[in-house]
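Summary of the model geometry
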Amino acid sequence: MQNVDRRNLLLGLGGLYGAANMTNIGSAVAYPITAPDDISDCVAATDGVQDPDNAVRGVACCPPPSTSAPKNYVLPEFTELRIRPAAHRLTPEYVAKYKAAIAAMKALPDTHPHSWKQQGKIHCAYCNGAYSQVMNGHPELKLQVHNSSLFFPFHRWYLYFYERILGKLINDPTFGLPYWNWDNPTGMMLPAMFEEPGPNGNPRTNPLFDAFRDVSHLPPAIIDLNNRDDNAGANCVDQIAANLSTVYSQMVTNSPTTSDFFGTNPDPKVTPKVGSIESGAHTAVHIWVGNPRMPNREDLGNFYSAGYDPAFYVHHSNVDRMWQIWRDINPYKNLDPSDDDWLNASYVFYDENEELVRVYNRDCVDIHKMGYDFENSRLPWLQSRPTPRVKASNIAAKSIGVVKKVEEIKFPLKLDETVKVLVKRPETKRSEDAKKKATEMLFLNGIKYNGEVFFKLDVLVDDVDDGVETTPASSEFAGTFSMVPHNHGGDKMLMTSGAAFGITQILEDIEAEDDEYVLVTLVPRAGAEDASVSEIKIQLVPTA
Ligand code: C2O
């Protein structure tokens, strides 16, 4: 009976949840993801580790034991905001301070909750199945913070404590964790401080150095935010343009609503969908930095090992900044999730005083209340809307009879090779007013893929040549679904997700607004041997 559904007991007592929920109980039982009170209820994490025997970082991811249960965390008072600076613009003094903090962290004994090793393990525990959902009444389900709306808040809290720990180690409560400004051309390289030589000219004496990075992607290589393995020869002007358009698509076109940006709550009753940044630029940076010659693409290329590279936190500092910017660029429409399951989801961390604390999503939605902000940086991607390769191609109409329509296809549809399909639009020739009220979205639901390998799928709309020439700078490139290796739980390797792509602007730009059908091309780029999709459709989604 230990595993009896705690929530039902609480509901029965009329406790935690308000009357609004009670009236609706049949259809909406609360399901806030809750990390276990008892952190020793943790097992070695192997999910998504393709080669556990060769897992150089080890899969024993459980935190040091605690003698007490976590206390609910209260955001402390502060006198000065911590400002997170752009990593490529740091002064030498700031770099020195940051290096000193990491060096101090690395000097702690491995068993210390603030040590480099324990901080790295946090990611492995929450991302590779070390905890179960026992607090949700589902001990058989693993707790996973990716591929869902927990992605932004979990990492925000993770970095919050990491930053405070670093500040404490150097006795500077104003220390702000730098962000890797990969959305700005001047920040599109791995920040130099990570690779510069240490005290005696040896890179290994630099505390920011990590032996497990892709050596072909060290500075001055320009990052590829779309992981196109076929564009190694791309010139830097094209690469920068493609990166800016990639960020534009993920922050604007493919994020018109809350669930498009955040993904859905992990709840067995909810159709899973991942947020645009998580499955896009976020994954790309992980894969780009991780070493492809390592058995599990350590460090950044696998969730179990990502937290061992200091660059991980600087990358996620920018991911966290993307959340803030998404809200700021459209403050009346771009809103955080407001449902109770999301607000009440919680995680457990050791704070900078080595106290075990429980933190809730609802307390991390205001970075100023959390005591930090980001140094400003230009947002050139806001002016980087992709441009059409071909206008008014009429390709969908020309494909009728050659390419199957969605209703003629047997689902699930395998994605082990490029597939084309015609998808009918709910309406054509939409008025400006109608476009303002609802966005036209292409949905891929029930994407199944092997969570143990890097998986990437490109999605093209009305493309004339199957993606051979089409880059993220082209309107026809609707977006990408890609995942860092990990596992969602259960005993199968197959993970399920979903994605949505905004096509209102695309159809305007390529002059296809009168077309009855859209030609959708799905191009698997990596890890797609077992991949399939169970539904493809276009729907009008009301905007807030
Ligand atoms: Cu928890 Cu970038 O991942």
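Everything discussed here concerns the structure shown above.
Residues numbered from 1 in each chain as written. Predicted model: local features only at pLDDT ≥ 70, side-chain atom pairs only at ≥ 80, totals over all residues. Heavy atoms only, no water.

With that settled, the discussion passes to the pattern of salt bridges. Throughout the structure, instances matching the rule amount to 31 salt bridges. Here Glu355 makes a salt bridge to Lys71, at a shortest N to O gap of 3.4 Å. In this pair, Glu355 sits in the loop between strand 5 (346-350) and strand 6 (356-360) while Lys71 sits in strand 1 (residues 71-72), placing the two residues 284 residues apart along the sequence. The exposure class assigned to Glu355 is partly exposed, which follows from its relative accessible area of 35%. Assessed through its relative accessible area of 46%, Lys71 is described here as partly exposed. Notably, a salt bridge pairs Arg385 with Asp509, separated by 2.9 Å at the nearest N-O pair. Here the residue Arg385 occupies a position in the loop between strand 7 (372-374) and helix 12 (395-399), and Asp509 occupies one in helix 14 (residues 504-509), the gap between them amounting to 124 residues. A network of salt bridges, in which partner residues are shared, links Arg385, Glu432, Lys435, Glu508, Asp509 and Glu513. (Salt bridge = Lys/Arg side-chain N within 4 Å of Asp/Glu carboxyl O. Helix = DSSP H or I, 4+ residues; strand = E, 2+ residues; numbered from the N terminus. Buried < 20%, exposed > 50% of the residue type's maximum accessible area, 1.4 Å probe, protein only.)

What follows is about helix 10 (residues 310-329). Helix length check: helix 10, at 20 residues, gives a terminal C-alpha distance of 29 Å against a target of 28 Å (1.5 Å per residue), a fit within 8%. By the criterion of burial, helix 10 is predominantly enclosed, with 17 of the 20 residues buried. The backbone nitrogen of Ala311 has a side-chain oxygen 2.8 Å away, supplied by the residue at the start of helix 10, namely Asp309. (Expected span 1.5 Å × (residues − 1). Polar contact = N/O pair within 3.5 Å; in protein donor to acceptor, adjacent residues only side chain to side chain.)

Attention shifts here to the nonpolar core. Within the largest apolar cluster, 92 residues are counted, with the highest numbers of intra-cluster contacts made by Tyr98, Tyr126, Trp157 and Tyr347. The leading source of residues in this core is helix 5 (residues 151-169), at 11 residues. Counting 35 residues, the second largest nonpolar core, distinct from the first, contains Leu415, Leu444, Ala531 and Ile538. (Core = buried A, V, L, I, M, F, W, Y, C linked by side-chain atoms within 4.5 Å.)

A few words on a negative patch on the surface. Where like charges cluster on the molecular surface, the negative patch consists of Asp416, Glu417, Glu529 and Asp530. As for its position among the elements, Asp530 is in the loop between strand 14 (517-526) and strand 15 (532-533). (Patch = residues over 30% accessible without salt bridge, like charges linked within 9 Å, V, L, I, M, F, W, Y side chains within 5 Å. Areas by Shrake-Rupley, 256 points an atom, 1.4 Å probe, with all protein chains shown as cover. Lys, Arg positive; Asp, Glu negative; His and termini not counted. Charge placed at Lys NZ, Arg CZ, Asp CG, Glu CD.)

Two cysteines whose sulfur atoms are joined by a covalent bond form what is called a disulfide. Scanning the entire structure with this criterion turns up two disulfides. One disulfide in the model links Cys42 with Cys62; its S-S distance is 2.1 Å. Judged by the sign of its S-S torsion, about -95 degrees, the bond between Cys42 and Cys62 is left-handed. Of this pair, Cys42 sits in the loop between helix 2 (19-22) and strand 1 while Cys62 sits in the loop between helix 2 and strand 1; the two residues are 20 residues apart in sequence, bridging distant segments of the chain. Of the residues examined, Cys42 reaches a relative accessible area of 12% and is grouped as buried. Disulfide partner of Cys61: Cys124, at an S-S distance of 1.8 Å. Between Cys61 and Cys124 the disulfide shows an S-S torsion of about 60 degrees. By sign, it is right-handed. Of this pair, Cys61 sits in the loop between helix 2 and strand 1 while Cys124 sits in helix 4 (residues 116-127), and the two are 63 residues apart along the sequence. Assessed through its relative accessible area of 0%, Cys124 is described here as buried. Along the chain, the cysteines engaged in disulfide bonds are linked according to the scheme 1-3, 2-4 when indexed in sequence order. (Disulfide = S-S within 2.5 Å.)

Within the open sheet, the three strands sit side by side as 1-6-5. Their pairing is mixed. Every interior strand has two partners, whereas the edge strands, strand 1 and strand 5, have only one. Sheet topology places strand 1 next to strand 6; two bridges connect them, and they run parallel. By the bridge assignment for strand 6, Lys71 is matched with Val357. Sheet strands touched by helix 5: strand 5 and strand 6. Its angle to strand 5, the strand with the most contacts, is close to 15 degrees. (Pairing = 2+ DSSP bridges. Contact = heavy atoms within 4.5 Å. Axes fitted to C-alpha atoms, helices over the stretch in contact; angles between N-to-C directions.)

Here we come to the sheet that holds strand 14. Pairing is antiparallel across the open sheet formed by four strands, whose spatial order is 9-14-11-12. A single partner strand is all that each edge strand has here, and the edge strands are strand 9 (419-424) and strand 12 (477-483). Averaged over all pairs of adjacent strands, the angle between their axes in this sheet comes to 20 degrees, without regard to strand direction.

Further remarks concern the packing of helix 3 (residues 92-107) against helix 5. One can describe the packing of helix 3 onto helix 5 by two numbers: an axis separation of 8 Å at closest approach and a directional angle of 95 degrees. It follows from the interaxial angle that helix 3 and helix 5 lie roughly perpendicular. Between helix 3 and helix 5, the contacting residues are Tyr98, Ala101, Ile102, Ala104 and Met105 on the first element and Tyr162, Ile165, Leu166 and Leu169 on the second. Looking at side-chain class alone, the contact of helix 3 with helix 5 contains nine nonpolar, no polar and no charged residues. (Parallel < 35°, antiparallel > 145°, perpendicular 65-115°, else oblique. Nonpolar A, V, L, I, M, F, W, Y, C, P; charged D, E, K, R; others polar.)

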